[in-house]
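Residue-level structural notes
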Amino acid sequence: MPYRSRRLLTTVIGTLLLWSLPLPSWGLEPSAEKPTRIALRAARLFDGKRDRVLPDAVVLIEGSRIQAVGSGLSIPSGTRLLDLGDVTLLPGLIDAHSHLLLDVDPELGGDGMLTTLAQSSTAERALLGAKLGREMLEAGVTTVRDVGNSGLNGDVALRNAIQRGWVQGPRISACTRALAPHGGQFPTLQPPAQPLIEQEYVTISGVEEARRAVRQAISDGADCIKVIVDNGHNLLSLEELKVITEEAHRRNRPVAAHTTLDESIRTAVQAGVDSIEHGYSLPDDVVALMVRKRIFLVPTDSWLDVCDSFDAKAGNAERQRQMKERCRRNITRAHDRLRRAVGAGIRVAAGSDMYIVLPGLTRGQASVKGFIAYAEAGLKPVEILRAATVNAAELLRVQDQIGSLEPNKLADLLAVEGDPLKDISALKQVRFVMKDGQVVLDARSRR
């Protein structure tokens, strides 16, 4: 036998013998060490379910789980006490429509998404997502549903990195590449540039392509399925959407439908998707059907003063005035439909759709500001808080794990100054964040 072959055989035999031996005890067997016990004490607590705050609140945590929640609970000996003082404890916030791997600077002009795709690799965007994810976490957003625009499964890579503890960030429900009509969400591209579309979207035409796309997404690691129903060029058919929804639900994956037109909203609702994303028009004839089918609305509305940002971009005073007027008109129309939706009984899950650079704000701060903007539509603080906690958890199908402060749920919490049930802007004053029982932000000393 030649020397190289003998050496390879010896190596293989040695490896097999090594793995046949009993495992050593160092670090390979389950640790007998008891999980850390922590008690959080705060002046107030909103548990996500009741309409009022609980005074003199105590949350007992063991390891990553909540053990007890109550007013004036006794704290067992040996428990580490964190007295947070005059703050309100809340469940960790959930952003049901995030884009962590996209950060467009409007000042640069052009199509920011196309520029990002052409100039940045998925690996580079995943690293950007780690930065933006940390910013989300520090703003109290402990879970996000990342709905595409993340390159070739960059959201899955970031999700896995966070789960493995390589980087700190929110818990991610990843949708992988969005399913879309031909063209994706890009403007018309010349033929040599069209392969870029498949780097960001899976374009489909016909029911079998739609079925195959869902199966591919799940194989790629998708927790949810995002579908672009209308893109300005094309519109998916009812038959295609039904197959997408049926295939996703067969594998227990919720379907998020990007819809901006009356026709696309009607089609998505008829197909039985789990959430209407954006839904700026929300025609009256689909409202009752959404209530009956328990389909969520994820409003991604902005705030009115964002219209003032057109000052720096418009070329002259008249152009500035027109752009501001159109901006305010569109936001006011969106606020009107949100009021109608809530009044009719449609459930709302909070989604920021934040993917641009806002000077002076981190990604997390900008996203939470989007939630606060629901108040401009007339939503009560408790309705906004539920949209960003229990409702969003149900939409993501993780209501048994997160969304409210209850025994046996994961210890995802934040503490804010003031009482957000009286003034929702208190969400801006984050002083403490915990995820999975681990403290990730403690800013009490900065006050």
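The rules behind these values
All chains use their own residue numbering, which begins from 1 and follows the written sequence. Reporting in this predicted model follows two pLDDT cut-offs: at least 70 for local features of residues, and 80 or more for side-chain atom pairs to be given and counted; totals over whole chains, interfaces and linings ignore these cut-offs and use all residues. For side-chain calculations, the full set of non-hydrogen atoms in the structure is used, while hydrogens and water are omitted. Strands here mean DSSP runs of E at least two residues long; helices mean DSSP runs of H or I at least four residues long; both are numbered from the N terminus. Burial here depends on accessible area, computed with a 1.4 Å probe over protein chains only, as a share of the maximum for the residue type. Under 20% is buried, over 50% is exposed, and the range in between is partly exposed. What makes two residues a contact is simply this: any of their non-hydrogen atoms within 4.5 Å. Only the protein chains shown count as cover for residues, and all accessible areas are computed by the Shrake-Rupley method using a 1.4 Å probe. A pair of strands is treated as paired once DSSP finds two or more bridges between them. Fitting a line to C-alpha atoms yields each axis, with helices limited to the stretch in contact; the angle taken between N-to-C directions then spans 0 to 180 degrees. Residue types Ala, Val, Leu, Ile, Met, Phe, Trp, Tyr and Cys, when buried and joined through side-chain atoms within 4.5 Å, form a set referred to as a nonpolar core. Where each domain begins and ends follows an automated or database-derived domain assignment. For classification, angles of less than 35 degrees are called roughly parallel, those exceeding 145 degrees roughly antiparallel, those between 65 and 115 degrees roughly perpendicular, and all remaining angles oblique. The hand of a helix crossing depends on one turn: near helix anticlockwise from the far one by less than a right angle means left-handed, and clockwise means right-handed. Asp, Glu, Lys and Arg are counted as charged, while Ala, Val, Leu, Ile, Met, Phe, Trp, Tyr, Cys and Pro are counted as nonpolar; the rest, among them Gly, fall into the polar class. Criterion for a disulfide: a pair of cysteine sulfur atoms at a distance within 2.5 Å.

By the naming in an unreviewed UniProt entry, the protein goes by Amidohydrolase family protein and is assigned to Corallococcus sicarius.

1. Brief notes about the overall build of the protein
Tallying secondary structure elements over the protein gives 13 helices and 16 strands in all. Within the protein, the fraction of its 447 residues that count as buried is 50%. Contacts spanning at least 24 positions in sequence make up 69% of the contacts within the protein whose residues lie at least 6 apart. Of the accessible surface of the protein, which amounts to about 20,800 Å², a share of 52% is contributed by carbon and sulfur atoms.

2. Quick word on the sheet that holds strand β6 (residues 141-146)
If you trace the three strands from one edge of the open sheet to the other, you get β5-β6-β7, paired in parallel fashion. Looking at strand neighbours, the two that pair on one side only are β5 (93-98) and β7 (171-174), the edges of this open sheet. With direction set aside, neighbouring strand axes in the sheet form an average angle of 15°.

3. Considering the nonpolar core
Side chains of a nonpolar character, in soluble globular proteins, are inclined to be buried together. Formed by 78 residues in total, the largest nonpolar core has its most connected members in Ile225, Val227, Ile244, Leu282 and Met290. Residue assignment places this core across two domains, with domain 1 (36-91 + 404-446) and domain 2 (92-403) each supplying three or more. In contact with leucine 282, not counting residues within four places along its chain, are Ile265, Val287, Met290, Leu297, Arg337, Arg340, Ala341 and Ile346. Formed by 19 residues, the second largest nonpolar core is a distinct cluster that contains Ala42, Leu45, Ala57 and Val59.

4. Regarding the environment of serine 275
Counting through the fold element by element, serine 275 comes out in strand β12 (residues 275-278). Look at serine 275 and you get buried, because its relative accessible area is 0%. Put simply, serine 275 and phenylalanine 296 are 21 residues apart on the chain and 4.5 Å apart in space, counted from C-alpha to C-alpha. Contact partners of serine 275, with chain neighbours within four places excluded, come to Arg145, Val255, Ala256, Ala257, Ile295, Phe296, Val298 and Leu395.

5. Some thoughts on the pairing of strand β15 (residues 430-435)
A large share of β15 lies buried, amounting to six of its six residues. Judged from the four bridges that link them, strand β14 (residues 413-417) and β15 form a sheet pairing that is antiparallel. Paired with alanine 415 across the bridge in β15 is phenylalanine 432. With four bridges joining them, β15 and strand β16 (residues 438-442) adopt antiparallel strand pairing. Bridge assignment links valine 433 to a residue of β16, and that residue is leucine 441.

6. Remarks on the sheet that holds strand β4 (residues 80-91)
A sheet is described by the order of its strands in space; here seven strands give the open sequence β3-β2-β1-β4-β14-β15-β16, paired in mixed fashion. Looking along the sheet, the strands with just one partner apiece sit at the ends: β3 (65-71) and β16. Neighbouring strand axes in the sheet, compared pairwise and without regard to direction, differ in orientation by 30° on average. Sitting on the sheet, helix α3 (residues 122-138) is in contact with β15 and β16, with an inclination near 115° to β15.

7. Comments concerning the packing of α3 against helix α11 (residues 363-372)
Two quantities define a packed helix pair, namely the angle between the helix axes and the distance between the axes. It is the contact of α3 with α11, at a shortest axis distance of 6 Å, that shows an interaxial angle of 55°. Classified by the angle their axes make, α3 and α11 are oblique. For the pair α3 and α11, the crossing hand works out as right-handed. Here Leu132, Glu135 and Met136 of α3 lie close against α11, whose contacting residues are Arg363, Gly364 and Ser367. For the contact of α3 with α11, the per-class residue count stands at two nonpolar, two polar and two charged.

8. So, unusual backbone geometry
Positioned with a positive phi, asparagine 252 is a non-glycine residue whose angle comes to about 60°. By the secondary structure assignment, asparagine 252 is in the loop between α7 (238-250) and β11 (255-259). Judged by its relative accessible area of 52%, asparagine 252 falls in the exposed class.

9. A word on the state of the cysteines
Each disulfide consists of one covalent bond between the sulfur atoms belonging to two cysteines. Within this structure, the stated rule accounts for two disulfides. Disulfide pairing is shown between cysteine 175 and cysteine 224; the S-S distance is 2.2 Å. As the torsion about the S-S bond is roughly -110°, the cysteine 175-cysteine 224 disulfide counts as left-handed. Taken together, the residues cysteine 175 in the loop between β7 and β8 (178-180) and cysteine 224 in the loop between α6 (207-219) and β10 (225-228) connect sequence positions 49 residues apart.

10. Remarks on the side chain of arginine 337
Tracing the backbone through its elements, the reader meets arginine 337 in helix α10 (residues 317-344). Classification of arginine 337 by relative accessible area gives buried; the value is 1%.

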